[in-house]
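# A structural walkthrough
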Amino acid sequence: MKSLLKAARFAAEKHSTQKRKNVAGSPYINHPLEVADHLATVGQVTDEDILIAALLHDTVEDTQTTREEIADHFGETVASLVMECTDDKSLEKAERKRLQIVNAPKKSDEAKMIKLADKTCNLRSILTDPPKDWDTKRQREYFEWARQVCDGLKGVNAALEAELDTVLKEGLNRFRTQ
Ligand code: ZN
């Protein structure tokens, strides 16, 4: 509990200057908080390391945070989970997206759950409050790509997968008719 709050505060400080891509430009921290809450409430995940890693899952990829910093504050298990959720930003975006599909089945069960929750929350945001400069085509392409990534993340948490399928279905139906 104490570490969870420490992680929420750590993530809030690291993401403090960043905003979400929606029209309102919501604070970025809303996203990791939503992912951690989704794991706890939908996925019934109680493992503290997983919830902490969910709060921190975008810090290394999107801020100056290092793996060592996370290991020092939250331990090796959390650090390695965060790294499993971190893309190599030295690669081109298209290559990073391709690798997410290829590497999804190779992740640990714990990282698969975090990534499932992350994708579900991002997909739901596109349906309810999309990035301000994304047209329908880009939204549809994100859904199609996310479905491929998530195909490789299945078999670890039935409730998370059911929720993902609901959101995927809603989006793919909506874009099919447009
Ligand atoms: Zn994320």
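Please refer to the structure placed before this passage.
Residues numbered from 1 in each chain as written. Predicted model: local features only at pLDDT ≥ 70, side-chain atom pairs only at ≥ 80, totals over all residues. Heavy atoms only, no water.

### Some thoughts on the coordination of the zinc ion
The zinc ion binds to the protein through His 31 (NE2), His 57 (NE2), Asp 58 (OD) and Asp 118 (OD), with metal-donor distances spanning 2.1 to 2.5 Å. Taken together, the four donor atoms coordinating the zinc ion span angles of 81 to 173° at the metal, a pattern that classifies the geometry as irregular. (Donors = N, O, S within 2.8 Å, 3.2 Å for Na, K, Ca; no water. Tetrahedral: all angles 85-135°; square planar, octahedral: opposite > 155°, others 65-115°.)

### Some details on helix H6 (residues 76–84)
Residues Val 78, Ala 79, Leu 81 and Val 82 constitute the buried set of H6. Projected onto a plane normal to the axis of H6, the buried residues spread over an arc of 165° and lie on a single side. Tucked inside the fold, the buried residues of H6 contact helix H3 (48–56), helix H4 (59–62), helix H5 (67–74) and helix H8 (109–128). (Buried < 20%, exposed > 50% of the residue type's maximum accessible area, 1.4 Å probe, protein only. Helix = DSSP H or I, 4+ residues; strand = E, 2+ residues; numbered from the N terminus. Arc of directions from axis to C-beta. Contact = heavy atoms within 4.5 Å.)

### Some remarks on the pattern of salt bridges
If you walk through the whole model with that rule in mind, you get ten salt bridges. Among the ionic pairs, Arg 9 bridges to Glu 13, the shortest N-O distance being 3.3 Å. Taken together, the positions of Arg 9 and Glu 13, both in helix H1 (residues 2–14) and four residues apart, correspond to about one turn of that helix. Each of the two residues, Arg 9 as well as Glu 13, counts as exposed. For the salt bridge of Arg 98 with Glu 95, the shortest nitrogen-to-oxygen distance reads 3.0 Å. Here Glu 95 and Arg 98 lie together in helix H7 (residues 93–103), a separation of three residues that amounts to about one turn. (Salt bridge = Lys/Arg side-chain N within 4 Å of Asp/Glu carboxyl O.)

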